[in-house]
Amino acid sequence: MAVISYIDAVTAALHEEMERDENVFVLGEDVGIKGGVFKATKGLYERFGEDRVIDTPLTESAIAGVAIGAAMYGLRPVAEMQFADFILPAVNQIIAEAARIRYRSNNDWSCPLVIRAPYGGGVHGGLYHSQSVEAIFANQPGLKIVMPSTPYDVKGLLKAAIRDDDPVLFFEHKRAYRLIKGEVPDDDYVLPIGKADLKRDGDDITVITYGLCVHYALNAAEKLEKEGISACVLDLRTVYPLDHEAIIEVATKTGKVLLITEDNKEGSVISEVAALIAEHCLFDLDAPIMRLAAPDVPAMPFAPPLENFFMVNEEKVEKAMRELAEF
Amino acid sequence: MEKVRHEQLGLCGQTVLEMYEKMLLARKLDERMWLLNRSGKIPFVISCQGHEGAQIGASFALDRTKDYVLPYYRDLGVVLSFGMTAKEVMLAAFGKAEDPNSGGRQMPNHFGQKKNRIVTGSSPVTTQVPHAAGFALAAKMKNKDFVTFVTFGEGSSNQGDFHEGLNFAGVHKLPVIFMCENNQYAISVPLSKQLACQRVSDRAAGYGMPGVTVDGSDPLEVYRVVKEARERAASGEGPTLIEVLTSRFTPHSSDDDDNYRDPDEVKRARERDPLLVFGHYLRRTGILDDVREKELQEKITAIVDEATDYAESAPYADPEDSLKYVYKE
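Let me begin by describing the structure that accompanies this report. Being a predicted model, the structure only gives us computed values, none of them experimental.

**Thoughts on the overall build of chain B**
Part 1: Scanning chain B for helices and strands turns up 11 helices and seven strands.
Part 2: At 19 Å, chain B has a C-alpha radius of gyration in line with the 20 Å of a compact globule built from 329 residues.
Part 3: Considered along the principal axes of its C-alpha atoms, chain B spans approximately 55 × 50 × 40 Å.
Part 4: When the accessible surface of chain B is split by element, carbon and sulfur atoms take 50% of a total near 13,300 Å².

Spelled out as structure tokens, the structure:
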């Protein structure tokens, strides 16, 4: 099995799906000749041509809207938003249209669309190149939101998203693009959307998180193991709809739960995870549910010390895990 | 010369009579829905009255066996032309389970019916414009010979999705026809407060496509320009923006009091009622006479009666059915 980077897993999934199904095509700003500002679509233009790798005007609402039209016709568009921060002009198309097409037509029409977008901080991107936007979409039945943490999950879940018959938002952590590497099979495989993945088993505490924070938690868990603290790490992978069963199971198992997101704390994806645990696991808990998240300021500042202050990092995760274990 | 106007357009007497019949059906259905609303039987109406000439003229210029349409809420005439029945329209008005648009989930006139290539729509206006570009992009990519037809009001021509959708279609020379039904009002806001340019069709220049303005009370003229636009689209020459000048004879919807315009304005507009204009033409050309007109009126009244009775007594969906079809099942 080859070891490849997170972003190469994105490219591999797109490439394989475009080879497999001629109805799959990509569109977005700079995805063609340039191969994307992060190079996620590198080589696709040369292989599949400009008809299937479409450089669009700067026009987020139309990128989503045109893709929705093509999807309703029966194609399988994969639209790229250059940064998750820039998805906001397309929110009406995503929420009022894509998410509701099956429901509002009583199953007559459907919208098999994928929208990919790089999100997350730690790249000196300031307020508008660092945001986590999943909470905006995470209470919209009809949508699915996938946020993978490893190259293996990226490839298997992106392929699944492209084959899914409903709209999927696929958020890729941009700091993970080249930082995170891992083993990825060359062959064709898909992973189930809607299923969390237990990345590490343990007995004392449970960490539930997603994206880059999974790696912070795994590294911290390894260190804490030496101190005799055994931690479970559940990677949500799909943040909407949540895998209720897996969440309840791991929360119940240790009775001590730390929830982590890189997003602002208030009303985030982990707020719903907390509610779910409170609803189902109250009598199995041995400590209050603990949350680690970004502060409730509008978005991530640019200057390095300010960015570090905002970001969840390994040290903060380790500290919170130790604190919870000692409760 | 006038006598053969429809023949010059390649239309036979039977087809123009069929167009008139569709216009009449749209009008009578619409009028019935107002009666049902005012008698407390259905909660909402939004009308096509005044737009029928534009809608039916345009629809008949399309290939109704393969083209895709993305209608907006006034387009009763378009959906009837594309195969939706009076009964189906009434089922939607009553919100009944059998409503093919949405099974009673959406408000009336939120059209959609896949088997007739009527693409599902929503309430936030203009979102369908980029969708139309998407259907047209699919036609181009898959080398299919259908054309996509999308409609909207002139208020919608101020929305970002209008500009983004037209620009995308213009850049890619997509086989799509954009038709604006300009009835001069976005609810209460008159044209002078909506557009900084004189005509909606002026906007076409910015997107590299022809812009045409046409009189909506004349279905044959609308037919002619849509036919030309379809030929352009089908031959790879790209999109066209058509602005049809119409009037709305009713308030914006059943919840609007129409207090922002002079009633005389509507009275004057009714003198150019597309049904009257087209009816006169058909009489002058000997296609319509009193006997035919009476037959048509009776036939349509019977259709509307039957549709109303059927829909009124049809069952609602089970409340628990609200949980269905969030995702593929």
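Structure's up, so let's keep going.
**Focus: the sheet that holds strand β3 (residues 53-55) of chain A**
Residues and elements named next belong to chain A.
Part 1: Strands sit in the order β3-β2-β4-β5-β7-β6-β12 across an open sheet of seven strands; the sheet is mixed. With partners counted over all chains shown, the strands left at the sheet margins are β3 and β12 (238-240), one partner each. Across the sheet, the mean angle separating the axes of adjacent strands is 25° when strand polarity is ignored.
Part 2: Inspection of the sheet shows strand β6 (residues 144-146) paired to strand β7 (residues 168-173) by three bridges, in the parallel sense. Pairing of V146 across the sheet is with F170, part of β7.
Part 3: Where helix α3 (residues 60-73) meets the sheet, it contacts β2 (24-28), β4 (76-80) and β5 (114-119), and its direction lies at approximately 170° from that of β4.

**Some words on the packing of helix α2 (residues 13-38) of chain B against helix α3 (residues 52-61) of chain B**
The axes of two packed helices give the description: the angle between them and the distance between them.
All names here are of chain B.
Part 1: In the contact formed by α2 and α3, the axes pass within 10 Å of each other and the chain directions differ by 135°. Considering their axes alone, α2 and α3 lie oblique with respect to each other. Seen along the crossing, α2 lies across α3 with a hand that is right-handed. Residues T15, E18, M19, K22, M23, A26 and R27 of α2 form the contact with α3, whose participating residues are E52, G53, I56, G57 and F60.
Part 2: Taken together, the residues of the contact of α2 with α3 sort by class into five nonpolar, three polar and four charged.

**Topic: α2 of chain B**
Part 1: When the terminal C-alpha atoms of α2 of chain B are compared, their 38 Å separation across 26 residues agrees well with the 38 Å that a helix rising 1.5 Å per residue should span.
Part 2: Of the residues trailing α2 of chain B, G40 of chain B is marked for its positive phi of about 80°.

**With respect to the side chain of Q49 of chain B**
Part 1: Mapped onto the elements of the fold, Q49 of chain B is located in the loop between α2 and α3.
Part 2: Here D30 of chain B takes part through its side chain, which lies 2.9 Å from a polar atom of the side chain of Q49 of chain B.

**Considerations on the interface of chain B and chain A**
Part 1: Each partner contributes to the interface: chain B provides 40 residues, whereas chain A provides 42 residues.
Part 2: With both sides pooled, the region where chain B packs onto chain A buries about 3,500 Å², and carbon together with sulfur makes up 62% of that total.
Part 3: When residues of chain B are sorted by the area they lose upon contact with chain A, K114, Y325 and Y327 of chain B head the list and together hold 19% of the total.
Part 4: Our enumeration of links across chain B and chain A arrives at two salt bridges.
Part 5: E22 of chain A is the partner of K142 of chain B in a salt bridge, and the nearest nitrogen-oxygen pair spans 3.6 Å.
Part 6: Where chain B packs against chain A, one counts 21 residue pairs in polar contact (both at pLDDT 80 or more).

**Remarks on a negative patch on the surface**
All names here are of chain A.
Part 1: On the surface, a cluster of negative charge is made up of D30, E50, D51 and D55.
Part 2: Along the polypeptide, D55 turns up in strand β3.
Part 3: Assessed through its relative accessible area of 33%, D55 is described here as partly exposed.

**Quick notes on the side chain of T41 of chain A**
All names here are of chain A.
Part 1: For T41, the location among the structural elements is in the loop between β2 and α2 (44-48).
Part 2: Residue T41 is classed as buried on the basis of its relative accessible area of 1%.
Part 3: Ignoring anything within four residues of it in the chain, the contact list for T41 reads L14, V31, G35, G36, E80 and R116.

**A word on the sheet that holds strand β9 (residues 197-200) of chain A**
Residues and elements named next belong to chain A.
Part 1: Strand order in the open sheet made by the five strands is β9-β11-β10-β13-β14, with mixed pairing throughout. One side of each edge strand has no neighbouring strand; the edge strands of this open sheet are β9 and β14 (290-294). Neighbouring strand axes in the sheet, compared pairwise and without regard to direction, differ in orientation by 25° on average.
Part 2: Both β9 and strand β11 (residues 231-235) contribute to a ladder of three bridges, which runs antiparallel. Of the residues in β11, the one forming a bridge with D197 is D235.
Part 3: Against the sheet, helix α10 (residues 244-254) contacts β9, β10 (205-209), β11 and β13 (257-264), and its axis sits at roughly 155° relative to β10.

**Comments concerning the packing of aromatic side chains**
Part 1: Inspection of the entire model under this criterion finds 18 aromatic pairs over all chains.
Part 2: Ring centres of Y68 of chain B and F135 of chain B lie 5.1 Å apart, and the angle between their planes is 35°; on these two criteria the pair is classed as tilted. In this pair, Y68 of chain B sits in strand β1 (residues 68-70) while F135 of chain B sits in helix α6 (residues 128-141), placing the two residues 67 residues apart along the sequence.
Part 3: Take Y68 of chain B: its relative accessible area is 14%, and that puts it in the buried class.
Part 4: For F135 of chain B, a relative accessible area of 0% puts it in the buried group.
Part 5: Three or more aromatic residues link up through ring pairs in this structure, and these residues are Y6, F38, F83, F86 and Y177 of chain A.

**Remarks on the packing of α3 of chain A against helix α7 (residues 160-171) of chain B**
Part 1: For the pair α3 of chain A and α7 of chain B, interaxial distance at closest approach is 9 Å and the crossing angle is 70°. On the basis of their axis angle, the class for α3 of chain A and α7 of chain B is roughly perpendicular. Crossing of α3 of chain A over α7 of chain B shows right-handed handedness. In this structure, α3 of chain A uses E60, S61, A62 and V66 of chain A to contact α7 of chain B, whose residues at the interface are D161, E164 and F168 of chain B.
Part 2: Here the residues of the contact of α3 of chain A with α7 of chain B are counted per class, giving three nonpolar, one polar and three charged.

**Here's the deal with the pairing of strand β6 (residues 211-215) of chain B**
All names here are of chain B.
Part 1: Where β6 lies against strand β7 (residues 240-245), five bridges are found, and the strand directions are parallel. Each bridged residue has a counterpart across the sheet, and for T213 the counterpart in β7 is E243.
Part 2: Note that the unit made of β6, helix α8 (residues 219-234) and β7 has a crossover that is right-handed.

**So, the nonpolar core**
Part 1: With 90 residues, the main nonpolar core has F137, F171, I208 and I277 of chain A together with F178 of chain B as its most contacted residues.
Part 2: Ranked by residue count, the leading element in this core is α3 of chain A, at nine residues.
Part 3: Apart from the residues lying within four places of it in its own chain, the contact partners of F178 of chain B are V129, V150, F152, G165, L166, A169, M209, P239, T240, L241 and I242 of chain B.
Part 4: In this structure, M23, L91, F94 and I177 of chain B belong to the second largest nonpolar core, which totals 63 residues.

**Things to note about the pattern of salt bridges**
Part 1: In the structure shown here, the tally under the stated rule is 47 salt bridges over all chains.
Part 2: The salt bridge involving E16 of chain A is made with K155 of chain A; its shortest N-O contact spans 2.7 Å. Taken as a pair, E16 of chain A in helix α1 (residues 6-20) and K155 of chain A in helix α7 (residues 151-163) lie far apart in primary sequence, 139 residues in all.
Part 3: Using a relative accessible area of 21% as the deciding quantity, one classes E16 of chain A as partly exposed.
Part 4: With relative accessibility at 1%, the residue K155 of chain A sits in the buried group.
Part 5: A salt bridge links E298 of chain B to K294 of chain B, with the nearest nitrogen and oxygen atoms 3.1 Å apart. Of the two residues, E298 of chain B and K294 of chain B are both situated in helix α11 (residues 290-313); the distance of four residues between them amounts to about one turn of the helix.
Part 6: For E298 of chain B, a relative accessible area of 47% corresponds to the partly exposed category.
Part 7: A single network of salt bridges, built from pairs that share partners, joins E16, E17, R20, K155, K159, R163 and D188 of chain A.

The rules we used
Residues numbered from 1 in each chain as written. Chains lettered and ligands numbered in written order. Predicted model: local features only at pLDDT ≥ 70, side-chain atom pairs only at ≥ 80, totals over all residues. Heavy atoms only, no water. Helix = DSSP H or I, 4+ residues; strand = E, 2+ residues; numbered from the N terminus. Rg over C-alpha atoms; globule rule 2.2 N^0.38 Å. Areas by Shrake-Rupley, 256 points an atom, 1.4 Å probe, with all protein chains shown as cover. Pairing = 2+ DSSP bridges. Axes fitted to C-alpha atoms, helices over the stretch in contact; angles between N-to-C directions. Contact = heavy atoms within 4.5 Å. Parallel < 35°, antiparallel > 145°, perpendicular 65-115°, else oblique. Left-handed = near helix turned anticlockwise from the far one by under 90°. Nonpolar A, V, L, I, M, F, W, Y, C, P; charged D, E, K, R; others polar. Expected span 1.5 Å × (residues − 1). Polar contact = N/O pair within 3.5 Å; in protein donor to acceptor, adjacent residues only side chain to side chain. Buried area = accessible area lost by both parts, 1.4 Å probe. Salt bridge = Lys/Arg side-chain N within 4 Å of Asp/Glu carboxyl O. Patch = residues over 30% accessible without salt bridge, like charges linked within 9 Å, V, L, I, M, F, W, Y side chains within 5 Å. Lys, Arg positive; Asp, Glu negative; His and termini not counted. Charge placed at Lys NZ, Arg CZ, Asp CG, Glu CD. Buried < 20%, exposed > 50% of the residue type's maximum accessible area, 1.4 Å probe, protein only. Phe/Tyr/Trp six-rings, centres within 6.5 Å; stacked < 30°, edge-to-face > 60°. Right-handed = clockwise from strand over helix to strand, strands pointing away. Core = buried A, V, L, I, M, F, W, Y, C linked by side-chain atoms within 4.5 Å.

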